Amino acid sequence: MRQMARRGFVAGAAGVVAAVVSTVATAGAAVAVPSRQGGSGRTGAPPRRGGHHVDRRELRGMWVATVANLDWPSKPGLTAAAQRAELIAYLDEAVDRRMNAVILQVRPTADALWPSPYEPWAEYLTGAQGKDPGWDPLGTAVREAHHRGLELHAWFNPYRVANHTDPSRLVATHPARLHPDWVLPYGGKLYYNPGIPEVRRFVQDAMLDAVRRYDIDAVHWDDYFYPYPVAGQVFGDDATYAKYGAGFPDKAAWRRDNTDKLVRETAERIKKIKKDVQFGISPFGVWRNAATDPLGSDTKAGVQTYDDLHADTRGWIKKGWIDYICPQIYWNIGFAAADYAKLLPWWSEVVRGTGVDLFVGEALYKAGDPAQPAAWQDPAELSRHLDFAADHDQVRGHVYFSGKDVVTDRNGAMARVVADHYRNRVRPPR
């Protein structure tokens with residue numbers, strides 16, 4: 001995801017979240033809610049995108065990150081009432097922006113934002129891993145989201161254990177301490193080893209506990225499978241490869257098969273538990289560059305998920321293992337190495353005819369950031385993304401990173417998207 005947020009994990013306060021409580025009607029494809037633009041939110045004509053009338057369902061979502069207190073809670077150690085109030089305010093903000101989905105990070109670092117029998121309470125709630133916060137964040141989020149006509153997608157990270165390499169800092173009952181052979185340090189972090197079958201089964205069990213216990217609308221993963229490459233460092237799974245890698249031409253093929261197994265098995269188990277729960281993945285935006293593979297995109301990205309993260313995102317679509325893909329197309333239109341206007345059509349053609357929905361991950365966090373290219377200083381850049389997407393019939397929605405950027409809206413880019421494209425609330429594409 002966002003490099004500073006989902007790879008660097010820089011902590012930040014969520015700030016003051018605007019709260020507009022609304023009762024959302026559920027009849028029809030479009031529903032009216034109060035809006036910061038004024039009026040009822042209902043207009044006499046359907047919204048327009050790129051000169052075309054749009055009346056179909058689409059996903060309009062935002063990620064709310066909990067790791068390092070990036071979005072929520074704004075800091076660890078708040079009272080249960082204060083944590084709940086901040087969470088509710090994010091849901092109300094989604095309603096106010098005429099969204100219909102919130103993707104809440106509920107398993108950020110092999111821990112949980114619900115009373116899990118598998119893993120400890122996340123430290124981002126109380127400041128101490130394993131300490132009961134005195135309430136059930138995931139259960140509350142599901143109930144309150146549905147009350148507002150929002151879907152709640154539970155966002156899990158399968159393999160990340162900690163944003164440090166000291167197992168002694170984990171609570172004594174943490175599975176990573178009970179099974180030290182499951183864990184590898186790399187790039188200043190701890191990870192579960194994806195090549196160990198018991199690990200793959202355990203992380204599935206831990207995540208699927210939430211599917212069994214809560215009325216979530218989707219299981220959502222981001223871009224972390226095998227870790228992003230770190231220069232000069234080696235992910236130390238040679239012994240695991242020697243034990244389990246027979247029959248594969250090389251370690252890369254074996255690693256991809258491990259990730260494939262995790263995706264395929266999770267997909268099958270979700271549907272056995274609750275057939276209506278969706279399974280979606282939000283990968284880094286480039287599968288492979290065309291120079292590497294003629295099936296790849298016209299890009300020159302420094303990271304390719306197939307080769308570097310050992311994640312065959314294109315293959316999962318073609319095999320029908322997932323319900324939706326939400327690639328992080330986190331670059332502006334015209335960006336030389338990875339042009340939004342080249343990547344979106346590529347993904348659109350990949351999903352065509354597969355039955356897999358395509359939602360586009362949008363880098364709202366870049367809008368108005370002076371460290372970003374000039375295109376991101378223009379409040380209309382994101383709105384142009386939606387105009388462009390409107391001419392590609394496979395695109396079924398957009399998701400914005402991240403929650404606090406939706407709230408603060410540094411240069412008005414989110415308000416521009418709402419004014420130009422979200423004149424009514426609509427239902428997700430179910």
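Residues numbered from 1 in each chain as written. Predicted model: local features only at pLDDT ≥ 70, side-chain atom pairs only at ≥ 80, totals over all residues. Heavy atoms only, no water.

Let's talk about the packing of helix α6 (residues 197-213) against helix α8 (residues 251-273)
Running from N to C, α6 and α8 cross one another at 30°; their axes reach a closest spacing of 10 Å. The orientation of α6 relative to α8 falls into the category roughly parallel. The way α6 lies across α8 gives a crossing that is right-handed. Together, Arg 200, Arg 201, Val 203, Gln 204, Asp 205, Leu 208, Val 211 and Arg 212 of α6 and Asn 258, Lys 261, Leu 262, Glu 265, Thr 266, Arg 269, Ile 270 and Ile 273 of α8 make up the contact between the two elements. Residues of the contact of α6 with α8, tallied by class, amount to six nonpolar, three polar and seven charged. (Axes fitted to C-alpha atoms, helices over the stretch in contact; angles between N-to-C directions. Helix = DSSP H or I, 4+ residues; strand = E, 2+ residues; numbered from the N terminus. Parallel < 35°, antiparallel > 145°, perpendicular 65-115°, else oblique. Left-handed = near helix turned anticlockwise from the far one by under 90°. Contact = heavy atoms within 4.5 Å. Nonpolar A, V, L, I, M, F, W, Y, C, P; charged D, E, K, R; others polar.)

Observations concerning the sheet that holds strand β10 (residues 218-221)
The parallel closed barrel is built from eight strands, whose spatial order is β4-β5-β6-β10-β11-β12-β13-β14. Strand direction decides the pairing type here: strand β12 (residues 324-325) and strand β13 (residues 357-362), joined by two bridges, are parallel. Each residue of the ladder has a partner; that of Tyr 324, found in β13, is Asp 357. Strands in contact with helix α11 (residues 340-351) are β12, β13 and β14 (395-400); relative to β13, the strand with the most contacts, it is inclined by about 160°. (Pairing = 2+ DSSP bridges.)

Considerations on the nonpolar core
Ranked by internal contacts, the top residues of the largest apolar core, which has 119 residues, are Tyr 192, Trp 221 and Tyr 400. Dropping the residues within four chain positions of it, Tyr 400 is found in contact with Gly 61, Met 62, Trp 63, Met 99, Glu 362, Leu 364, Leu 382, Leu 386, Val 406, Met 414, Val 417 and Tyr 422. Core analysis: the second largest hydrophobic core is formed by six residues, Leu 184, Tyr 191, Phe 235 and Trp 254 among them. (Core = buried A, V, L, I, M, F, W, Y, C linked by side-chain atoms within 4.5 Å. Buried < 20%, exposed > 50% of the residue type's maximum accessible area, 1.4 Å probe, protein only.)

Some words on the environment of Asp 222
Among the secondary structure elements, Asp 222 is positioned in the loop between β10 and α7 (238-244). On the accessibility criterion, Asp 222 (1% relative accessible area) is buried. A distance of 3.1 Å separates the side chain of Asp 222 from the side chain of Trp 155, its partner in a polar contact. There is a polar contact of 3.4 Å between the side chain of Asp 222 and the backbone nitrogen of Tyr 224. (Polar contact = N/O pair within 3.5 Å; in protein donor to acceptor, adjacent residues only side chain to side chain.)

Brief notes about the packing of helix α12 (residues 381-389) against helix α14 (residues 413-421)
Where α12 contacts α14, the two axes come as close as 7 Å, and the packing angle between them is 35°. For the element pair α12 and α14, the recorded crossing hand is right-handed. Where α12 approaches α14, its residues Leu 382, Ser 383, Leu 386 and Asp 387 are matched on the opposing element by Ala 413, Arg 416, Val 417, Asp 420 and His 421. Partitioning the contact of α12 with α14 into residue classes produces four nonpolar, two polar and three charged.

So yeah, pure geometry; function would need other evidence.
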